[in-house]
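Given next are the chains, with one letter for each unit.
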Amino acid sequence: MKEIATMPPRIRDKLNKGIPLDEEEIMEFAVLTGPDLFDFFTIANRLRAKLGNTVDLCAITNAKSGRCPEDCRFCAQSAHHCAETREYPLLSPGRLLEDAKNAEKAGTCRFSIVTSGNRLKFEELESILDAVRLIKNRTGLEVCASIGTLSPESAGKLKEAGVSRIHHNLESSESFFRRICSTHTYADRIRTIRTAKEAGLEVCSGGILGLGESMQDRIKLALTLRELDVDAVPINILNPVPGTPMENAAPLPPMEILKSIALFRLVLPEKNIKLAGGREKNLRDLQSLALFCGANGLMLGNYLTTEGRSPEMDLQMIRDAGLNFENIKTGEMKE
């Protein structure tokens, strides 16, 4: 595809009819540059606009930090690396409730409890369940959990306690995944996603841009997420942490990041695509443009081991873009 204006009729017809594109068709957009790239952004934005002008907001808390036995090359919490990161056991239900209330006050409608490690011990899971019940009783938040591998039993307990969504990233394509982790498999991650869906839970699953993967790897990840029919897709951009094997990774150009977001929207036109960790450092002044390249969600506040910016700045960015967000206290839409 040399010019977006000469888009093949078969692709235009599919987009107009909402018919999913195949990998070869999507790759035609991946090579666009210059003015044609901005035309592509317009296409992605029109797909985003069909979902409405409300930006979906969420926040997370690092409920258990460090000493993770997995060897994910990008992660500061892995016990295999020597990154300087805080280590602490699972936070108490009372502390998690406090974090949830702070997230609610900041403006988010969704709060996720995230723990390091592959699987929680029985007593840790029970403590998480107590925290979920507290949060559901004392806030208006939707509660999510990112606690590693799930069994059908643990997934059922989480749903019964009030968790509505499980977060479990695939990170990249299946063929690239073995280059970033050797202690568990891609199939293990897919199994947890399917376990969550079988329990009636929604699934939030995405990946990280900038691990050394190709654009085709990103498209393959998006296609896998489409096949799994996940509900939300967080897009992180690598923020290299000293002491990890990826500490010297070269940053992605902002326009490549924006193109990748648009490609995810092309593959997943009806899903919530959410900008998450690394956006501040990598997109810099172009963060708001991502909301017009296909993204319709933001993670507010800090991430697991790196800092974000203030929620007030993000809420103002949303207003400045002419978009809106839900006010958790009133249930009204705020412009």
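Residues numbered from 1 in each chain as written. Predicted model: local features only at pLDDT ≥ 70, side-chain atom pairs only at ≥ 80, totals over all residues. Heavy atoms only, no water.

### Remarks on the packing of helix 3 (residues 34-49) against helix 10 (residues 254-267)
Then, in step 1: Relative to each other, helix 3 and helix 10 sit at 40°, their axes nearing to 9 Å. Viewed along their axes, helix 3 and helix 10 adopt a mutual orientation that is oblique. Here the hand of the crossing between helix 3 and helix 10 comes out left-handed. On helix 10, the residues touching L37, F38, F40, F41, A44, L47 and R48 of helix 3 are M255, L258, K259, A262, L263, R265 and L266.
Then, in step 2: Here the residues of the contact of helix 3 with helix 10 are counted per class, giving eleven nonpolar, no polar and three charged. (Axes fitted to C-alpha atoms, helices over the stretch in contact; angles between N-to-C directions. Helix = DSSP H or I, 4+ residues; strand = E, 2+ residues; numbered from the N terminus. Parallel < 35°, antiparallel > 145°, perpendicular 65-115°, else oblique. Left-handed = near helix turned anticlockwise from the far one by under 90°. Contact = heavy atoms within 4.5 Å. Nonpolar A, V, L, I, M, F, W, Y, C, P; charged D, E, K, R; others polar.)

### Here we look at the environment of P8
Then, in step 1: Relative to the helices and strands, P8 is located in the segment before helix 1 (9-17).
Then, in step 2: The exposure class assigned to P8 is buried, which follows from its relative accessible area of 16%. (Buried < 20%, exposed > 50% of the residue type's maximum accessible area, 1.4 Å probe, protein only.)

### Re the confidence of the model for the protein chain
Then, in step 1: Summarising the model, the protein chain shows a mean pLDDT of 93, and 96% of its residues fall at 70 or more.
Then, in step 2: Ignoring residues within four places in sequence, the model shows residues 328-335, a span with pLDDT below 50, making 22 contacts including any to other chains. (pLDDT = per-residue confidence, 0-100.)

### Some words on the packing of helix 8 (residues 186-198) against helix 9 (residues 215-228)
Then, in step 1: Relative orientation of the contacting elements helix 8 and helix 9 amounts to 30°, with a least axis distance of 11 Å. In terms of orientation, helix 8 and helix 9 fall into the roughly parallel class. Crossing angle aside, the handedness with which helix 8 passes helix 9 is right-handed. In contact with Y186, I190, I193, R194 and K197 of helix 8, helix 9 contributes L221, T224 and L228.
Then, in step 2: Taken together, the residues of the contact of helix 8 with helix 9 sort by class into five nonpolar, one polar and two charged.

### Observations concerning the environment of N282
Then, in step 1: Looking at the element boundaries, N282 is found in helix 11 (residues 279-283).
Then, in step 2: Classification of N282 as buried rests on a relative accessible area of 4%.
Then, in step 3: As a C-alpha pair, N282 and M313 span 31 residues in sequence and 17 Å in three-dimensional space.
Then, in step 4: Beyond its immediate stretch of four places on either side in the chain, N282 contacts I237, L238, P251, L252, P254 and I257.
Then, in step 5: Of note is the side chain of N282, whose polar atom sits 3.2 Å from the backbone oxygen of L238.
Then, in step 6: Polar contacts involving the side chain of N282 include one to the main-chain carbonyl oxygen of G278, which spans 2.8 Å. (Polar contact = N/O pair within 3.5 Å; in protein donor to acceptor, adjacent residues only side chain to side chain.)

### A few points about the layout of surface pockets
Then, in step 1: Estimates place the volume of the largest pocket at around 700 Å³.
Then, in step 2: Looking at the largest pocket, it is lined by 26 residues, and the ones nearest its centre are I60, T61, N62, N302 and Y303.
Then, in step 3: Elements represented by at least two residues in the lining of the largest pocket include exactly strand 1 (56-64) and helix 4 (93-106).
Then, in step 4: For the lining of the largest pocket, the leading source of residues is helix 4, giving five residues. (1 Å grid on protein atoms, 1.4 Å probe; cavity = no way out; pocket = protein on both sides within 12 Å on 5 of 7 lines; lining within 4 Å. Points joined across faces, edges and corners; volume = space filled by probe spheres on them.)

### What about the pairing of strand 8 (residues 272-275)?
Then, in step 1: Going residue by residue along strand 8, you find N272 and K274 tucked away on one face and I273 and L275 tucked away on the opposite face as well.
Then, in step 2: Note that strand 7 (residues 232-237) and strand 8 share four bridges and pair parallel. Paired with P234 across the strands is K274, a residue of strand 8.
Then, in step 3: In this region the chain leaves strand 7, passes through helix 10 and returns to the parallel neighbour strand 8; the handedness of that crossover is right-handed.
Then, in step 4: Inspection of the sheet shows strand 8 paired to strand 9 (residues 297-299) by two bridges, in the parallel sense. When the bridges of strand 9 are listed, K274 appears paired with G297. (Pairing = 2+ DSSP bridges. Right-handed = clockwise from strand over helix to strand, strands pointing away.)

### With respect to unusual backbone geometry
Then, in step 1: Positive phi, close to 55°, is recorded for R67, a residue that is not glycine.
Then, in step 2: When you line up the elements, R67 lands in the loop between strand 1 and helix 4.
Then, in step 3: With relative accessibility at 55%, the residue R67 sits in the exposed group.
Then, in step 4: Backbone geometry places E171, a non-glycine residue, at a positive phi of 80°.
Then, in step 5: Structurally, E171 can be placed in the loop between strand 4 (163-167) and helix 7 (174-177).

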